[in-house]
Amino acid sequence: MRRKLCNFLLICFLCVFSSCDVGQSKKVLSSKMRESELSMYNNAVLALKKKNYKTAKELFEKVADIAPFSSIGEEAKASYTKILYDEGKFAAAAGSAEGYLLNYPGGARMDQVLSIKGNAYFQMSKGRSNSGEFADKARNAFAVLVDTFPTSDYVTDAHQKLLEINEIMAEKIFSIGSFYFREMNYHAAIARFDELVRDYSGTKLYASALSKRAEAYKMLGIDISSS
């Protein structure tokens, strides 16, 4: 009986000792991983200072992947996103910005990433058949930036881009309205010109939209000049 009790106590001791040893090993491993992440991040920052953008981008991406929800991972993700934008990889930059905003909704560089996102979509809206879709995404990003960070250094640019986006959207709507007018689909043309007059009153094509709308009504036998 005594021998069984001694064996039992020995087993308990070994289990506790083993548990402590495993816990200590995990702490050491975790500490080494953090050191590795920090070293990799510092190397990325150094590469960026030396304008070795390829190496910096690769290292920032690795840090962001292996430490996705840490403060150092956040910094790496923001830096990686900026490099993508600076390289002119707008679709990739927009996607990376979306990832940052999803993972770090209260991130320290949220205003900068919103600016990158807006500008990336803004660049993508130029000369594309689906420019309206990208312009809308750019406008949403800039609107959030302006509303959430009114004192940010990126707000001035956001305001300017919002004005430019309105011009882009007005041009697109006016072009569609003019197409319907040429096709003698006057009701559809009027709907487009109404949209421009209603939503983009401060744009360059506002007066032209009013004039074309009046012409379309006139073709339908309706004189709105006195209304």
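In this text the structure is predicted, and so the values were computed from the model without any measurement.

(A) Broad picture of the nonpolar core. Core analysis: the largest hydrophobic core is formed by 55 residues, its most contacted members being Phe 60, Tyr 100, Ile 165 and Leu 196. Element by element, the count of residues in this core is highest for helix α7 (residues 155-182), at nine residues. Two domains each put at least three residues into this core: domain 1 (40-151) and domain 2 (171-226). Each residue touching Ile 165, except ones within four places of it in the same chain, is listed here: Phe 122, Ala 135, Ala 138, Arg 139 and Phe 142.

(B) Molecular detail of the packing of helix α5 (residues 110-124) against α7. The contact between α5 and α7 brings their axes to 11 Å, and the two run at 25°. When the interaxial angle is binned, α5 and α7 end up roughly parallel. For α5 against α7, the interelement crossing comes out left-handed. Across from Ser 115, Asn 119 and Phe 122 in α5, the residues of α7 making contact are Asp 157, Lys 161, Glu 164, Ile 165 and Ile 168. Residues of the contact of α5 with α7, tallied by class, amount to three nonpolar, two polar and three charged.

(C) Local environment of the pattern of salt bridges. Counted according to the given criterion, the structure contains twelve salt bridges. Asp 199 is the salt-bridge partner of Arg 198, the closest N and O atoms lying 3.1 Å from each other. Judged by relative accessible area, which is 57%, Arg 198 ranks as exposed. Taking relative accessible area as the criterion, Asp 199 reaches 41% and is therefore assigned partly exposed.

(D) The arrangement of the side chain of Ser 115 in detail. Mapped onto the elements, Ser 115 comes out in helix α5. Ser 115 sits in the buried class, given a relative accessible area of 7%. Beyond its immediate stretch of four places on either side in the chain, Ser 115 contacts Phe 142, Leu 145, Tyr 154 and Asp 157.

(E) Examining the packing of aromatic side chains more closely. Counted according to the given criterion, the structure contains seven aromatic pairs. Note on Tyr 85 and Phe 90: the rings are 5.3 Å apart at their centroids and 55° apart in plane angle, and the pair reads as tilted. Tyr 85 gets classed as partly exposed once you look at its relative accessible area, which sits at 21%. Under the relative-accessibility criterion, Phe 90 is labelled partly exposed at 24%. Ring centres of Phe 179 and Tyr 180 lie 5.8 Å apart, and the angle between their planes is 55°; on these two criteria the pair is classed as tilted. With relative accessibility at 26%, the residue Tyr 180 sits in the partly exposed group.

Calculation rules
Residues numbered from 1 in each chain as written. Predicted model: local features only at pLDDT ≥ 70, side-chain atom pairs only at ≥ 80, totals over all residues. Heavy atoms only, no water. Core = buried A, V, L, I, M, F, W, Y, C linked by side-chain atoms within 4.5 Å. Buried < 20%, exposed > 50% of the residue type's maximum accessible area, 1.4 Å probe, protein only. Helix = DSSP H or I, 4+ residues; strand = E, 2+ residues; numbered from the N terminus. Domains from an automatic or database assignment. Contact = heavy atoms within 4.5 Å. Axes fitted to C-alpha atoms, helices over the stretch in contact; angles between N-to-C directions. Parallel < 35°, antiparallel > 145°, perpendicular 65-115°, else oblique. Left-handed = near helix turned anticlockwise from the far one by under 90°. Nonpolar A, V, L, I, M, F, W, Y, C, P; charged D, E, K, R; others polar. Salt bridge = Lys/Arg side-chain N within 4 Å of Asp/Glu carboxyl O. Phe/Tyr/Trp six-rings, centres within 6.5 Å; stacked < 30°, edge-to-face > 60°.

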